[in-house]
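Single-letter residue listing:
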Amino acid sequence: MAGDDVSIHGSWASRWVFILAATGSAVGLGSIWKFPYMTGVYGGGAFVVMFLLFIALLGVPVMVAETLIGRRARLSPANALKALAVHTGHGGKWSWAAFAGMVTALLILSFYSVVGGWSLDYILGVGAGNFQGIDGEKAGGYFAAMVDDPWRMILWHSAFMLLSAGVIARGVVAGLERSLRIMMPLLFVLLLILLGYSLTTGHFMDGVRFMFHLDPSRLMDGLLPAMGHAFFSLSVGIGSILIYGAYMPKQTSITGTVMAVALLDTFVSLLAGLALFPIVFAAGLNAGEGPGLMFVTLPLAFGNVAFGQLIGVVFFVLVAVAAWSSAISLLEPMVAYLVERTRFSRLWVTSALAFGCWFVGLGTVFSFNIWKEAKFFVTDGGAFQLYQWGAAGGLDLFGVIDFFTSRIMLPLGALTFVVFASWVMGRDAVRDELAMRNATLFAVTFFLMRYVAPLGILIVFAAQLFK
Ligand code: PHE
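Not measured: the values here are computed from a predicted model.

A. Summary view of the site of the ligand. In the neighbourhood of the ligand, 15 residues make up the surrounding shell, with Ala26, Gly30, Tyr112, Phe232 and Ser235 lying closest. With respect to the ligand, the backbone of Leu29 contributes an N or O atom lying 3.1 Å from an oxygen atom. One of the side-chain N or O atoms of Tyr112 is found 2.4 Å from an oxygen atom in the ligand. Taken by itself the ligand offers 320 Å² of open surface, and the protein chains cover 100% of this.

Rendered as structure tokens:
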């Protein structure tokens, strides 16, 4: 426990490997796929500004808390909270909250894998030259045809899940390092190339204006979504960062490392937005298109530039890798927990969990085709209905899972981790684990963890409930 520098799960070779792994977890579909489409749905600048604020004031403190809990206990989330709580004279009940987080991670993985599968499908699509000279309408049609076909989606969803589970089964530390060292920097380069294309569309400034012009009337709309997405994007609130912290060498500075990861992640999100929106406006597409946004927009870029076919293939491979390195961090907390708690092997545990996630993921697959009309939480014309087939409003099954995980469970998990670190473990333990040289910086960090982040989360929840 505290003080030891060994973990039963192995340890990262160096600080850089932790940064790579945590960045690999954070940078994923959240930045490249979800951030742009949510920005589109929730009104551009209002969403972006709140997202950035929430990253800085809530996300980073939570990420520091998770990392330090993990490193102190060197155990999976549920066991870490239990061990540390008992250590400080508190009961073991805290582990239930962490357990809920680990289940949430599996639910996220169920739809994450489906969208990861879309990027696999697009590798073939762009590689086969399907996007050559494509226009907005055809790009929309291509995406619609893909999601209309449950078998095609199931195929790629299965492939994506197998790829993720394959690495986990061999152990995260060994599996991740080699691939991420090359892939992550390359992803940056390709996003810059895409940005270069956006600059040539003649609508670059429209994109910038859309992303940074704040329309105050949209603030309330996007409040909870922006907070949930800030946590989603940084991978905090369910123990992914905690478990990676558990593999972190003792001498590494937590705050510096966390800042680096948060900045990289935010940078990729903004870059993705700046690359996509000019294309959206140039082609007259709908910025509020929803989950299909990136998959309808990018074919236009790749279909209309020199070497687009090649760049497109490389790009979707990298998106798949970014998604895959995040998917791994979604599965790892529960795998580590079961390896600690049961006598089943890592391979067995991974296979069983991956199968479960795959199965639940079918719900997301069908939300886009055969169950498209199944709507939940319908408030059509004022009357509330839990479920209605064919309703105009409401959420489909994917929407329900996304809402429940990103907007409710992630913030609750985030709240649990910061409160646990700053109130239950307490100032001395946090100071010891963070080992910051500058006392003022420590005071600010601790203040953010103890007051700003918990109150911030509660206020956003309250504002949402009473709006
Ligand atoms: N942060 C990842 C992304 O942005 C998703 C994720 C969420 C991963 C929570 C782990 C935990 O794509």
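Once you've had a look at it, read on.
B. Representation of the pattern of salt bridges in the model. Counted according to the given criterion, the structure contains 11 salt bridges. With a shortest N-O distance of 2.8 Å, Lys34 and Asp402 are connected by a salt bridge. Taken together, the residues Lys34 in helix H2 (residues 29-41) and Asp402 in helix H16 (residues 397-434) connect sequence positions 368 residues apart. For Lys34, a relative accessible area of 1% puts it in the buried group. Owing to a relative accessible area of 7%, Asp402 belongs among the buried residues under this scheme. Here Asp121 makes a salt bridge to Arg152, at a shortest N to O gap of 2.6 Å. Remark: Arg152 occurs in helix H7 (residues 150-170) and Asp121 occurs in helix H5 (residues 94-127); sequence separation between them is 31 residues. Judged by relative accessible area, which is 3%, Asp121 ranks as buried.

C. Highlighting empty space enclosed by the protein. All told, the structure shown has two cavities of 30 Å³ or more when counted by the stated rule. The volume enclosed by the largest cavity comes to roughly 120 Å³. Along the walls of the largest cavity sit 17 residues, with Ser25, Tyr112, Phe232, Ser235 and Leu330 positioned nearest its centre. Those elements giving two or more residues to the lining of the largest cavity turn out to be helix H1 (15-26), H5, helix H10 (223-234) and helix H14 (308-341). Per-class residue counts for the lining of the largest cavity are nine nonpolar, eight polar and no charged. Counted as a void, the second largest cavity has a volume near 40 Å³. When residues of the lining of the second largest cavity are traced back to their parent elements, those giving at least two are helix H8 (172-200), helix H12 (254-282) and helix H13 (293-303).

D. Geometry of the packing of H2 against helix H3 (residues 45-73). Where H2 meets H3, the axes come as close as 7 Å, and the angle between the chain directions of the two elements is 130°. Judged by the angle between their axes, H2 and H3 are oblique. Where H2 abuts H3, its residues Phe35, Met38 and Thr39 lie against Phe47, Val48 and Phe51. Class assignment for the residues of the contact of H2 with H3 results in five nonpolar, one polar and no charged.

E. Highlighting a nonpolar patch on the surface. Residues Ile370, Trp371, Phe377, Phe384, Leu386, Tyr387 and Trp389 make up a contiguous nonpolar surface patch of roughly 780 Å² in combined accessible area. You can see Leu386 is positioned in strand E2 (residues 385-389). For Leu386, a relative accessible area of 55% corresponds to the exposed category.

F. Layout of H2. At Phe35, H2 shows its largest bend, some 35°, and a proline, Pro36, comes one to four positions later. Most of H2 sits inside the fold, with 12 of its 13 residues counted as buried. Taken together, the buried positions of H2 are occupied by Leu29, Gly30, Ser31, Ile32, Trp33, Lys34, Phe35, Pro36, Tyr37, Met38, Thr39 and Gly40. Looking at the residues trailing H2, positive phi occurs at Gly43, about 85°.

G. Fine view of unusual backbone geometry. Positioned with a positive phi, Phe377 is a non-glycine residue whose angle comes to about 50°. Tracing the backbone shows Phe377 in strand E1 (residues 374-378). Not every positive phi belongs to a glycine, and Ala435 is a case in point at roughly 45°. Mapped onto the secondary structure, Ala435 falls in the loop between H16 and helix H17 (439-465). Overall, Ala435 belongs to the exposed group, its relative accessible area being 59%.

H. Highlighting the side chain of Ser31. Position of Ser31 among the secondary structure elements: in helix H2. Within polar-contact distance, the side chain of Ser31 engages the side chain of Asp265 at 3.0 Å. If sequence neighbours within four positions are ignored, Ser31 has contacts with Ala26, Pro36, Ser233, Asp265, Val268, Ser269 and Ala272.

About the cut-offs
- Residues numbered from 1 in each chain as written.
- Predicted model: local features only at pLDDT ≥ 70, side-chain atom pairs only at ≥ 80, totals over all residues.
- Heavy atoms only, no water.
- Near = heavy atom within 4 Å.
- Polar contact = N/O pair within 3.5 Å; in protein donor to acceptor, adjacent residues only side chain to side chain.
- Areas by Shrake-Rupley, 256 points an atom, 1.4 Å probe, with all protein chains shown as cover.
- Salt bridge = Lys/Arg side-chain N within 4 Å of Asp/Glu carboxyl O.
- Helix = DSSP H or I, 4+ residues; strand = E, 2+ residues; numbered from the N terminus.
- Buried < 20%, exposed > 50% of the residue type's maximum accessible area, 1.4 Å probe, protein only.
- 1 Å grid on protein atoms, 1.4 Å probe; cavity = no way out; pocket = protein on both sides within 12 Å on 5 of 7 lines; lining within 4 Å.
- Points joined across faces, edges and corners; volume = space filled by probe spheres on them.
- Nonpolar A, V, L, I, M, F, W, Y, C, P; charged D, E, K, R; others polar.
- Axes fitted to C-alpha atoms, helices over the stretch in contact; angles between N-to-C directions.
- Parallel < 35°, antiparallel > 145°, perpendicular 65-115°, else oblique.
- Contact = heavy atoms within 4.5 Å.
- Patch = residues over 30% accessible without salt bridge, like charges linked within 9 Å, V, L, I, M, F, W, Y side chains within 5 Å.
- Bend = angle between axes of the 7 residues up to and from the residue.

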